[in-house]
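Take a look at the letters that make up each chain.
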Amino acid sequence: MSIPPAIRAEALLAASRAREIGLTQAEIADALNASQSQVSRVLAGNAKRRSRLFDEVCKYVFSICERASPSTPPAELTDALNAIWDGTPEHAKALALVIRSLGALRGTGSEGNLRRAIPKGTA
């Protein structure tokens, strides 16, 4: 049985997108409770048919926004800070404390959502 061209094309597109945004197979596997080798097989485009994991991998990869580099905060974050910060050093310190405290949420049940929303090394 040969590999359907549409499945191969979708898998290779997802693999390309993952590389483009710096998303590793291990990160995808972790988010989807799959093994890295399963994700690797999906992204290699060797599936003979669509599977639940194939669909989940593709959906996950295309749902992730590009990751911002740690030196360049996303515009959404800068806009939010500019809208709320009163310009004083005291307020800056208080806001920084609030943002850092969000890091504690990474250990809770919402860990997966926060991990996808906040790129590693930026919180």
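One can find the structure itself at the top, above this paragraph.
The structure presented is a predicted model; accordingly, all values stated were derived computationally and were not measured.

Novice: Explanation requested: the pattern of salt bridges in the structure shown.
Specialist: Side chains that differ in sign of charge can pair as their charged atoms come close. Within the structure shown, the criterion is met by four salt bridges. The partner of Glu 20 in a salt bridge is Arg 17, with the nearest N and O atoms 2.8 Å apart. Pair noted here: Glu 20 and Arg 17 are both in helix H1 (residues 5-21), with a separation of three residues, about one helical turn. Accessibility expressed as a relative area gives 52% for Glu 20, which makes it exposed. For Arg 52, the salt bridge is made with Glu 56, and the minimal N-O distance between the two is 2.7 Å.

Novice: In this structure, what is going on with the packing of helix H2 (residues 25-32) against helix H3 (residues 36-43)? I would like to understand it.
Specialist: When two helices pack together, their arrangement is given by the angle between their axes and by how far apart the axes lie. Across the interface, H2 lies against H3 with an axial gap of 8 Å and an inter-helix angle of 115°. Considering the angle they form, H2 stands roughly perpendicular to H3. For the pair H2 and H3, the sense of crossing is right-handed. When H2 is examined against H3, the residues Gln 25, Ala 26, Ile 28 and Ala 29 are found in contact with a partner set consisting of Gln 36, Val 39, Ser 40 and Leu 43. Its residues assigned to classes, the contact of H2 with H3 shows five nonpolar, three polar and no charged.

Novice: Mind showing me how you'd approach a nonpolar patch on the surface here?
Specialist: A surface patch of nonpolar side chains, amounting to about 440 Å² of accessible area, comprises Leu 77, Leu 81, Ile 84, Trp 85 and Ile 99. Counting residues per element, the nonpolar patch draws most heavily on helix H5 (residues 75-84), which supplies three residues. Inspection of the secondary structure assignment puts Ile 99 in helix H6 (residues 89-101). Given the relative accessible area of 40%, Ile 99 is considered partly exposed.

Procedures and definitions
- Residues numbered from 1 in each chain as written.
- Predicted model: local features only at pLDDT ≥ 70, side-chain atom pairs only at ≥ 80, totals over all residues.
- Heavy atoms only, no water.
- Salt bridge = Lys/Arg side-chain N within 4 Å of Asp/Glu carboxyl O.
- Helix = DSSP H or I, 4+ residues; strand = E, 2+ residues; numbered from the N terminus.
- Buried < 20%, exposed > 50% of the residue type's maximum accessible area, 1.4 Å probe, protein only.
- Axes fitted to C-alpha atoms, helices over the stretch in contact; angles between N-to-C directions.
- Parallel < 35°, antiparallel > 145°, perpendicular 65-115°, else oblique.
- Left-handed = near helix turned anticlockwise from the far one by under 90°.
- Contact = heavy atoms within 4.5 Å.
- Nonpolar A, V, L, I, M, F, W, Y, C, P; charged D, E, K, R; others polar.
- Patch = residues over 30% accessible without salt bridge, like charges linked within 9 Å, V, L, I, M, F, W, Y side chains within 5 Å.
- Areas by Shrake-Rupley, 256 points an atom, 1.4 Å probe, with all protein chains shown as cover.

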